[in-house]
Amino acid sequence: MKTYEVIIIGGGLAGLTAAIHLAKIGIQVTVVEKNSYPKHKVCGEYISNEVLPYLQWLDINVSDIKPTNIDKIIFSTANGKVIKGNLPLGGFGISRFALDEFLFRKAIESGCQFVEETVESIAFDNDEFAVTTVQQTILKSKILIGAYGKRSNIDQQLHRNFLTKKSPWLAVKSHYIGDFPDDSVGLHNFKGGYCGISKVENNLINICYLADYKTFKNYKNIEDYQDKVVSKNPQLKTIFDNVTPVFDKPLTISQISFEKKDAVENHILMIGDSVGLIHPLCGNGMAMAVHSAKIVSELVQKFYNKELSRAALEQQYRATWDFNFNSRLGIGRVLARILSKPKLSEQLLRIVTLFPSLLPKIIAKTHGKPIILNS
């Protein structure tokens, strides 16, 4: 049995960023991650430039992994009508395969420890957490951060509210070789879903779409669904007809929930997708994961400096998380509802076509401003 200052469950984007931040300020961190690196994940793989000041403060130079620079958006309705615009802050395209591996190496260099096991149970007693893995390793800490992603057996143990509601969404992602503008992110609607497309490193194209499971289950496989539903959008048909898949088969993840989640569950501080999942059409999930890592790390530092009690830490984390992200999540849900209805989607496109300056303003509502450092 080992005791640490902070344990982070999950070594994805949010978990690794928090680990690097905490190590930088002198707090001992152990990350429990069930998978080895590198690993592909279902993700849009576009990240807003709002995170760059913070990454620079962490001495993370993402240019080392040669991302694509993106400053334009291509949007189309289900029938293929297109509008183009500029992204207010811009961003970059980078695969989770490359980025997570890069952050993992940085975390190791920073002195973070890693345990490659699956968490079986969590107990909180006498102001301390005990994390037990499937291999019966027991780790203890004062602070536990949940960064395990969209869905986990841990959520079931905690009886989290969002699990009581059925989720209709399935996500599909794959990399391709072909032609697509380096400087653009595409957002294309189709009946029952929408698809994001952008370049990542090594001239690869990431295509990731969200599909309504009720529609999807009527088809025998992903290829059939893409051919008969997704490709009904002429823009997507042209793209799929002119690219070659890199993966043997696409990656999928089901039961994706966009319901509201609590930022603190049984004293566990949740970050990244564990606390809030924004619709992929907003292209902001990766930036939110990074930003949530910053918020939690700064408050944990105050806890260990005895500036905050546990109760005050939890209260401030909830309030700060809500202040930064609640509005974005709400607008993301509204946009998703509009774009899932062809008639409303067409009306929105007409309005934006008449007033092109609206598109960057709508996008800005789902994104944050450049992250400001408190120290």
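From a predicted model like this one, the values you see are computed outputs, not experimental measurements.

## Looking at the overall build of the protein chain
Item 1. Each helix and strand in the protein chain was counted, giving 11 helices and 17 strands.
Item 2. Here the protein chain has a C-alpha radius of gyration of 20 Å; the compact-globule value for 375 residues is 21 Å, and the two agree.
Item 3. Each of the three principal axes of the protein chain carries a C-alpha extent, and together these read 60 × 45 × 35 Å.
Item 4. A burial count over the protein chain gives 55% of its 375 residues as buried.
Item 5. Only carbon and sulfur atoms are counted for the fraction: they give 52% of the accessible area of the protein chain, which is about 17,000 Å².
Item 6. Measuring between centres, the 45 positive side-chain charges of the protein chain sit 8 Å from its 36 negative side-chain charges.

## Remarks on the pattern of salt bridges
Item 1. Tallying each qualifying case throughout the model produces 21 salt bridges.
Item 2. Linking K142 and D127 is a salt bridge whose minimum nitrogen-to-oxygen distance equals 3.1 Å. In this pair, K142 is assigned in strand β9 (residues 138-146) and D127 in the loop between β7 (119-125) and β8 (128-133), connecting sequence segments 15 residues apart.
Item 3. For D127, a relative accessible area of 33% corresponds to the partly exposed category.

## Some points on the packing of aromatic side chains
Item 1. For the coordinates displayed, the defined rule picks out 16 aromatic pairs.
Item 2. Here F104 and F114 contribute two aromatic rings whose centre-to-centre distance is 4.8 Å and whose plane-to-plane angle is 80°, an arrangement assigned as edge-to-face. Of this pair, F104 sits in helix α3 (residues 96-109) while F114 is found in strand β6 (residues 113-115), placing the two residues 10 residues apart along the sequence.
Item 3. Judged by its relative accessible area of 13%, F104 falls in the buried class.

## Side note on empty space enclosed by the protein
Item 1. For the coordinates displayed, the defined rule picks out 4 cavities of 30 Å³ or more.
Item 2. A volume near 50 Å³ is recorded for the largest cavity.
Item 3. Across the lining of the largest cavity, the residue classes tally to 1 nonpolar, 3 polar and 4 charged.

## Examining the layout of surface pockets
Item 1. One number sums up the size of the second largest pocket: a volume of about 630 Å³.
Item 2. Forming the boundary of the second largest pocket are 27 residues, of which H291, K294, I295, T320 and N324 lie nearest the centre.
Item 3. Sorting the residues of the lining of the second largest pocket by element identifies α8 (285-304) and α9 (310-339) as the ones contributing at least two each.
Item 4. Split by residue class, the lining of the second largest pocket holds 9 nonpolar, 12 polar and 6 charged.

Thresholds applied
- All residue numbers refer to position in the chain's written sequence, counted from 1.
- A pLDDT threshold of at least 70 governs which residues receive local features in this predicted model, and a stricter bar of 80 or more applies before side-chain atom pairs are shown or counted, although totals over entire chains, interfaces and linings include all residues.
- For the side-chain quantities, the full set of heavy atoms in the structure was used; hydrogens and water were omitted.
- What counts as a helix is a DSSP run of H or I of at least four residues, what counts as a strand is a run of E of at least two, and both are numbered from the N terminus.
- Here the globule rule is a power law, 2.2 Å times the number of residues to the power 0.38, and the radius of gyration is based on C-alpha atoms.
- Each residue gets one of three labels from its accessible area relative to the maximum for its type: buried under 20%, exposed over 50%, partly exposed in between, using a 1.4 Å probe on protein chains only.
- Using a 1.4 Å probe, the Shrake-Rupley method yields the accessible areas, and only the shown protein chains count as cover for residues.
- Note on charges: Lys and Arg go in the positive column, Asp and Glu in the negative column, and His and the chain ends are not counted at all.
- The location of each charge is read from NZ of Lys, CZ of Arg, CG of Asp or CD of Glu.
- Salt bridges are identified by distance alone: a Lys or Arg side-chain nitrogen within 4 Å of an Asp or Glu carboxyl oxygen.
- A pair of aromatic rings is counted whenever rings of Phe, Tyr or Trp (Trp by its six-membered ring) have centres within 6.5 Å, and the orientation is called stacked for planes under 30 degrees apart, edge-to-face for over 60 and tilted otherwise.
- Cavities and pockets are found on a 1 Å grid laid over the protein atoms alone: a cavity is a set of points where a 1.4 Å probe fits but cannot escape, a pocket is an open set with protein on both sides within 12 Å along at least five of seven lines, and a lining residue has an atom within 4 Å of such a point.
- Grid points are joined across faces, edges and corners, and a volume is the space filled by probe spheres set on the points.
- Polarity classes work like this: nonpolar for Ala, Val, Leu, Ile, Met, Phe, Trp, Tyr, Cys and Pro, charged for Asp, Glu, Lys and Arg, and polar for all others, with Gly in that last group.

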